[in-house]
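Listed here are the chains, written in short residue letters.
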Amino acid sequence: MKQSIVHIALVVEDYDEAIAFYTNKFDFKLIEDTYQAEQDKRWVVVSPKGSNGTTILLAKASKPIQKDFIGNQAGGRVFLFLGTDDFQRDYQQMLSKGIEFVREPKKADYGTVAVFKDLYGNLWDLVQFDEKHPMSNRIF
């Protein structure tokens, strides 16, 4: 049997605002933006350029309870992890685009990591795994 996680839903306030942020600030690729008339919503999928793995479904909050979770989908913990093959390149690019880092880069047993916020305040790790770490072979 072969399975994989295809999408992770990220609750957003506005489709176009989220698309602009992820494609301009994070330099992600817009994979799909399809209107679904039967549900009066859009199916919006983004992914890091060059990635063939899991994508992010930008899901606009449609109920009051969903709006409460925008920017805090993991209860204040790091929610998503952006793996890179060149930490310094991506860190400097993100700084130049105004991405707010809440924890500066540090070297850890598993690699180099820093924590940043997305458009709504969700926390992410930017991480480059050490070559000997088990995750280093799974990212690219």
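Everything here concerns the structure above.
Here the structure is a predicted model, which means the values were calculated and not measured.

Some points on the sheet that holds strand S6 (residues 101–108)
The strands making up a sheet associate through hydrogen bonds between their backbones, and the pairing can be parallel or antiparallel.
Here is step 1: Ordered in space as S5-S8-S7-S6, the four strands form an open sheet in which the pairing is mixed. What marks the edges here is a single partner per strand, and that holds for strand S5 (78–83) and S6. The average undirected angle you get between the axes of adjacent strands in this sheet is 20 degrees.
Here is step 2: The strands that helix H3 (residues 87–96) touches are S6, strand S7 (111–117) and strand S8 (123–129); relative to S6, the one it contacts most, it runs at about 170 degrees.

What to know about the pattern of salt bridges
Between side chains of opposite charge, a pair can form when the charged atoms approach closely.
Here is step 1: Applying the stated criterion across every chain yields a total of six salt bridges.
Here is step 2: The shortest N-O distance in the salt bridge between Arg42 and Asp16 comes to 2.9 Å. Separated by 26 residues along the polypeptide, Arg42 in strand S3 (residues 41–48) and Asp16 in helix H1 (residues 15–25) bring together distant segments of the chain.
Here is step 3: Here Glu100 ties to Lys117 by a salt bridge, and the two come within 4.0 Å at their closest N and O atoms. Within this pair, whereas Glu100 is found in the loop between H3 and S6, its partner Lys117 is found in strand S7, the two being separated by 17 residues in sequence.
Here is step 4: You can call Glu100 partly exposed: its relative accessible area is 45%.
Here is step 5: For Lys117, a relative accessible area of 29% gives the class partly exposed.
Here is step 6: Here the salt bridges do not stand alone but share partners, grouping Asp16, Asp33 and Arg42 into one network.

Cut-offs used in this document
Residues numbered from 1 in each chain as written. Predicted model: local features only at pLDDT ≥ 70, side-chain atom pairs only at ≥ 80, totals over all residues. Heavy atoms only, no water. Pairing = 2+ DSSP bridges. Helix = DSSP H or I, 4+ residues; strand = E, 2+ residues; numbered from the N terminus. Axes fitted to C-alpha atoms, helices over the stretch in contact; angles between N-to-C directions. Contact = heavy atoms within 4.5 Å. Salt bridge = Lys/Arg side-chain N within 4 Å of Asp/Glu carboxyl O. Buried < 20%, exposed > 50% of the residue type's maximum accessible area, 1.4 Å probe, protein only.

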